[in-house]
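Chain by chain, the residues:
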Amino acid sequence: MNIDFARARETMVEQQLRPWEVFDARVLDTLLAVPREAFVPEAVRALAYADLALPIGHGEVMMKPVLEARALQALAIAPHESVLEIGTGSGYLTACLARLGREVVSLERHADLAEAAQARLAAQGIGNATVHTADAFQWTPGRSFDVICVTGAVAEIPARFIDWLTQDGRMFVVHGRSPVMEAARVHRNVNGVRIESLFETDLPYLVGAEPAPVFTL
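Here goes a summary of the coordinates provided. In this text the structure is predicted, and so the values were computed from the model without any measurement. (Residues numbered from 1 in each chain as written. Predicted model: local features only at pLDDT ≥ 70, side-chain atom pairs only at ≥ 80, totals over all residues. Heavy atoms only, no water.)

**A word on the pattern of salt bridges**
Logical step 1: Scanning the entire structure with this criterion turns up 10 salt bridges.
Logical step 2: When the shortest N-O distance is used, the salt bridge between Arg36 and Glu68 registers 3.1 Å. With Arg36 in the loop between α2 (25-33) and β1 (54-57) and Glu68 in helix α3 (residues 65-75), the pair connects residues that are 32 residues apart, well separated along the chain.
Logical step 3: In this structure, the salt-bridge partner of Glu81 is Arg170, at a minimum N-O distance of 2.8 Å. Here Glu81, found in the loop between α3 and β3 (82-86), pairs with Arg170, found in strand β7 (residues 165-177); they are 89 residues apart in sequence, far enough to count as distant. Of the two residues examined, Glu81 and Arg170, each falls in the buried class. (Salt bridge = Lys/Arg side-chain N within 4 Å of Asp/Glu carboxyl O. Helix = DSSP H or I, 4+ residues; strand = E, 2+ residues; numbered from the N terminus. Buried < 20%, exposed > 50% of the residue type's maximum accessible area, 1.4 Å probe, protein only.)

Put into structure tokens, the structure is as follows:
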């Protein structure tokens, strides 16, 4: 089966993203330019532009295109800004972040996913993104970032992630208890931290960020 992926990208933008109020021109241009199919496992490549979360191994998934687009739009990344991505996955969102910002540092717990993502980024000629095999809850950056994008859910927003933001930095994160979670934009400035609710969604948790079990009698 031959698929016109370029046409599929255009259809994704018009039928999935714009109806969900993704209008930022730089974000849309990025999503039209980055070939999502190049980051999707072969077994599900035909579904690269479907409105679905796609499995990538280790129980992890690629977020739906609309959620990726809303995250990118919420972060409003400027070309000079540094980005930390927590959860590399397939490397697709990494590629989009790299196109929008100056540099991307991306963390992935699973070495095979990290290696595959770095190879896909190299194949696309993306040289300003580096993937590290690391657990974000054990990792120490030794620096701060203008933007942080968290690709898995957390029960509570970790203070350590907020500490890694520069002044006037922003973070996209999904938090709460499944199946009804809240996507939020976290702002850090001289006045403190402000959490802005964006929309409701549901995502698999980052390992180590799950809610504590609730016991009932």
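Next comes the rest of the account.
**As for the layout of surface pockets**
Logical step 1: Counted as a void, the largest pocket has a volume near 470 Å³.
Logical step 2: Residue lining of the largest pocket: 32 residues in total, with Glu60, Gly87, Thr151, Gly152 and Leu206 positioned closest to the centre.
Logical step 3: At the level of elements, β2 (60-62), β3, α4 (92-100) and β4 (103-108) are the ones that each hand at least two residues to the lining of the largest pocket.
Logical step 4: When residues in the lining of the largest pocket are grouped by element, the largest group, 3 residues, is from β2.
Logical step 5: Reported here for the second largest pocket is a volume of approximately 200 Å³.
Logical step 6: As for the second largest pocket, its lining consists of 14 residues, of which Lys64, Val66, Leu67, Thr201 and Asp202 are closest to the centre.
Logical step 7: Listing elements by their share of the lining of the second largest pocket, those giving two or more residues are α3 and β9 (192-201).
Logical step 8: Class assignment for the residues of the lining of the second largest pocket results in 9 nonpolar, 2 polar and 3 charged. (1 Å grid on protein atoms, 1.4 Å probe; cavity = no way out; pocket = protein on both sides within 12 Å on 5 of 7 lines; lining within 4 Å. Points joined across faces, edges and corners; volume = space filled by probe spheres on them. Nonpolar A, V, L, I, M, F, W, Y, C, P; charged D, E, K, R; others polar.)

**Focus on α4**
Logical step 1: Counting buried residues along α4, 8 of its 9 residues qualify, which places the element largely inside the surrounding structure.
Logical step 2: Turning to α4, its buried residues are Tyr92, Leu93, Thr94, Ala95, Cys96, Leu97, Ala98 and Leu100.

**Notes on the state of the cysteines**
Logical step 1: Taken as a whole and assessed by the stated rule, the structure comprises 0 disulfides.
Logical step 2: Among the cysteines around Cys149, which has no disulfide bond, Cys96 carries the closest sulfur, lying 10 Å off. (Disulfide = S-S within 2.5 Å.)

**Some points on the environment of Leu54**
Logical step 1: Turning to its location among the elements, Leu54 is positioned in strand β1.
Logical step 2: Assessed through its relative accessible area of 2%, Leu54 is described here as buried.
Logical step 3: In sequence terms Leu54 and Ser90 are 36 residues apart; their C-alpha atoms lie 9.9 Å from each other.
Logical step 4: Ignoring any residue separated from it by four or fewer positions in sequence, one finds Leu54 in contact with Arg36, Val40, Val44, Leu47, Ala48, Glu60, Val61 and Met62. (Contact = heavy atoms within 4.5 Å.)

**Section: the nonpolar core**
Logical step 1: Grouped together as the largest cluster of nonpolar side chains are 50 residues, with contacts concentrated most on Leu17, Leu31, Leu72, Leu97 and Phe172.
Logical step 2: Filtering out sequence-adjacent residues up to four positions away, Leu17 remains in contact with Met12, Val22, Leu28, Leu31, Pro65, Val66 and Ala69.
Logical step 3: Phe145, Val150, Val173 and Leu206 belong to the second largest nonpolar core, which has 21 residues in total. (Core = buried A, V, L, I, M, F, W, Y, C linked by side-chain atoms within 4.5 Å.)

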